[in-house]
Amino acid sequence: MISGKFAITLHILTLLSKFPDEYLSSEFLAGSMNLHPVLIRKEIANLKKHNIVESKEGKNGGTKLLKPAAKINLDDIFKITFEKVTLGYSKNDPNPDCAVGKNINKKLDELYEDINDKIIKQLGTISLTEFSDKF
């Protein structure tokens, strides 16, 4: 299902790209999104796990990009925030005796796979720098 993780993660990374030499606090990042810093720290942990950011603790601690924004494409961000986009399925099991019912989920899977391929292809053409230059 679609969630806000990609938007939150992209917001974090866009802010970090604007201050490449500074460690930004989770409170600062959260303030930009009107979110609780704990939610930001969860996304930062995922970014650290994928070697996109580094963090340090303490008074002057925070998070910054581990590599230049120009070397991070939006498809990289998509892949670490989603396994895939799906628009969902019916809550009820379709009727296996119906021509549509017995095939609907298979055809939806094919459609969602095509959508994901297109999303990844398009996002792969946009760097974090290109995106953050819009601000």
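Residues numbered from 1 in each chain as written. Predicted model: local features only at pLDDT ≥ 70, side-chain atom pairs only at ≥ 80, totals over all residues. Heavy atoms only, no water.

## Side note on the nonpolar core
So, point 1. Among the nonpolar cores identified, the biggest contains 26 residues, and Leu13, Leu16, Leu29, Val53 and Leu65 are the most heavily contacted of them.
So, point 2. Among the secondary structure elements, those contributing two or more residues to this core are α1 (5-18), α2 (26-33), α3 (37-49) and α4 (74-81).
So, point 3. When residues in this core are grouped by element, the largest group, six residues, is from α1.
So, point 4. Excluding anything up to four places from it in sequence, Leu13 contacts Leu47, Ile52, Val53, Leu65, Ile77 and Leu128. (Core = buried A, V, L, I, M, F, W, Y, C linked by side-chain atoms within 4.5 Å. Buried < 20%, exposed > 50% of the residue type's maximum accessible area, 1.4 Å probe, protein only. Helix = DSSP H or I, 4+ residues; strand = E, 2+ residues; numbered from the N terminus. Contact = heavy atoms within 4.5 Å.)

## Some thoughts on the side chain of Thr81
So, point 1. Locating Thr81 in the fold gives a position in helix α4.
So, point 2. By relative accessible area, Thr81 is classed as buried at 10%.
So, point 3. At a separation of 3.0 Å, a polar atom in the side chain of Thr81 contacts the main-chain carbonyl oxygen of Ile77.
So, point 4. Excluding its chain neighbours within four sequence positions, the residues that come into contact with Thr81 are Lys5, Phe6 and Thr9. (Polar contact = N/O pair within 3.5 Å; in protein donor to acceptor, adjacent residues only side chain to side chain.)

## Thoughts on the packing of aromatic side chains
In this description, a pair of aromatic rings is defined by centroid distance and the angle of the planes.
So, point 1. All chains considered together, the criterion is met by four aromatic pairs.
So, point 2. Relative to Phe28, the ring of Phe19 lies with its centre 6.0 Å away and its plane at 90°, an arrangement referred to as edge-to-face.
So, point 3. The class of Phe28 is partly exposed, set by a relative accessible area of 41%. (Phe/Tyr/Trp six-rings, centres within 6.5 Å; stacked < 30°, edge-to-face > 60°.)

## What about the pairing of strand β2 (residues 62-65)?
So, point 1. Where strand β1 (residues 53-56) and β2 come together, four bridges link them in antiparallel fashion. The residue of β2 that forms the bridge with Lys56 is Gly62.
So, point 2. Connecting β1 to the antiparallel partner β2 that follows it, the hairpin turn spans five residues, and Gly58 within it adopts a positive phi of roughly 110°. (Pairing = 2+ DSSP bridges.)

## Remarks on unusual backbone geometry
So, point 1. Of note, Asn34 is a non-glycine position whose phi angle comes to about 55°, a positive value.
So, point 2. For Asn34, a relative accessible area of 71% corresponds to the exposed category.
So, point 3. Of note in this structure, Asn51 is not a glycine but carries a positive phi near 55°.
So, point 4. Residue placement: Asn51 occurs in the loop between α3 and β1.

## Some words on the pattern of salt bridges
So, point 1. By the definition in use, this model includes four salt bridges.
So, point 2. The residue Asp114 makes a salt bridge to Lys118 at a minimum N-O spacing of 3.1 Å. Here Asp114 pairs with Lys118, and both are found in helix α5 (residues 104-123), just four residues apart, close to one helical turn.
So, point 3. Under the relative-accessibility criterion, Asp114 is labelled partly exposed at 36%. (Salt bridge = Lys/Arg side-chain N within 4 Å of Asp/Glu carboxyl O.)

## Thoughts on α5
So, point 1. For α5, with 20 residues, the first-to-last C-alpha span of 28 Å sits near the 28 Å given by 1.5 Å per residue.
So, point 2. Its buried side turned inward, α5 meets α1 and α4. (Expected span 1.5 Å × (residues − 1).)

Purely geometric stuff here, so don't read any function into it on its own.
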